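# Understanding the architecture of this molecule
As a plain string of letters, each chain reads:
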Amino acid sequence: GQILAIAERLDTLAGGFAAGLKPSGNKDPFALRRNALGLARTLIEGGLDLNLVGMLDAAKAALPTGLDVDAGELYDFILDRLRSYFADRGVGAALFDAVAATKPVSLADFAERLSALQPFAQLPEAAALAAANKRARNILKKVEGALPETIDASKLVEPAERELHAALVAALADTDASLAARDYVAVLSRLALLRAPVDAFFDGVMVMAEDTAVRDNRLALLKALSDRFAAVAAIEQLAT
């Protein structure tokens, strides 16, 4: 029954959007919003860890010749239906946006990330780490060209950056298995321990140093830190 419901709703959504029947304002004569929410609820409440993006691509491919739909637009439409669904369950907009920004392909996975993010947001370290991650993201966005990927420990000259590097290397090693197992609570709990070295780094280190090698090394360090948090959620969304 769940499989048939999912297939029917995928077909209805893809066909409706392809035919130009996307809801506008209060108008939704073909109940596409209700179909999208029904699809999402079936996946989440049924604990069905299915690739929604892949299913939307399949629905697009099954359309009659001459019809087309943007699968990404359909995905975003379905996520929008989930805002009120999770709000009714006590999930704030910032938490929802933090997970939505990562665009999980599975809505069951989406729900797992939200469940882990809620207790993390209550930790005393959460606000500071969210603010630091926002600062890191802003710095990285301004970099022209490809971001440096490799951290050269020999070029870490300030005590605070050496301490952050050591702490981050340990945290990455400690969270690899948890991340692979989608134990997001364990991942975020371990990353919360980085608050002190992260704070010390931003207090005592100028990221955009004149020396290109030093600057690139610091950017790579920030990218590694930001990427590990982003593997669960865009926690910068929690910064006020």
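Residues numbered from 1 in each chain as written. Predicted model: local features only at pLDDT ≥ 70, side-chain atom pairs only at ≥ 80, totals over all residues. Heavy atoms only, no water.

### With respect to the side chain of S226
With respect to the helices and strands, S226 occurs in helix α11 (residues 212–230). Contact partners of S226, with chain neighbours within four places excluded, come to N133, R137 and L140. (Helix = DSSP H or I, 4+ residues; strand = E, 2+ residues; numbered from the N terminus. Contact = heavy atoms within 4.5 Å.)

### Points about the nonpolar core
Grouped together as the largest cluster of nonpolar side chains are 73 residues, with contacts concentrated most on L52, F86, L107, L117 and F120. At nine residues, the largest contribution of residues to this core is made by helix α4 (residues 71–87). (Core = buried A, V, L, I, M, F, W, Y, C linked by side-chain atoms within 4.5 Å. Buried < 20%, exposed > 50% of the residue type's maximum accessible area, 1.4 Å probe, protein only.)

### Quick word on the environment of A131
Of note, A131 is situated in helix α7 (residues 126–141). Residue A131 is classed as partly exposed on the basis of its relative accessible area of 40%. As a C-alpha pair, A131 and D183 span 52 residues in sequence and 24 Å in three-dimensional space.

### A short note on the packing of helix α1 (residues 2–18) against helix α2 (residues 32–45)
Remark: α1 packs on α2, axes separated minimally by 9 Å, with the N-to-C direction vectors making an angle of 145°. For α1 against α2, the interelement crossing comes out left-handed. Contacts between α1 and α2 involve Q2, I6, R9, L10, T12, L13, G16 and F17 from the former and L32, N35, A36, G38, L39, T42 and L43 from the latter. Taken together, the residues of the contact of α1 with α2 break down into eight nonpolar, six polar and one charged. (Axes fitted to C-alpha atoms, helices over the stretch in contact; angles between N-to-C directions. Left-handed = near helix turned anticlockwise from the far one by under 90°. Nonpolar A, V, L, I, M, F, W, Y, C, P; charged D, E, K, R; others polar.)

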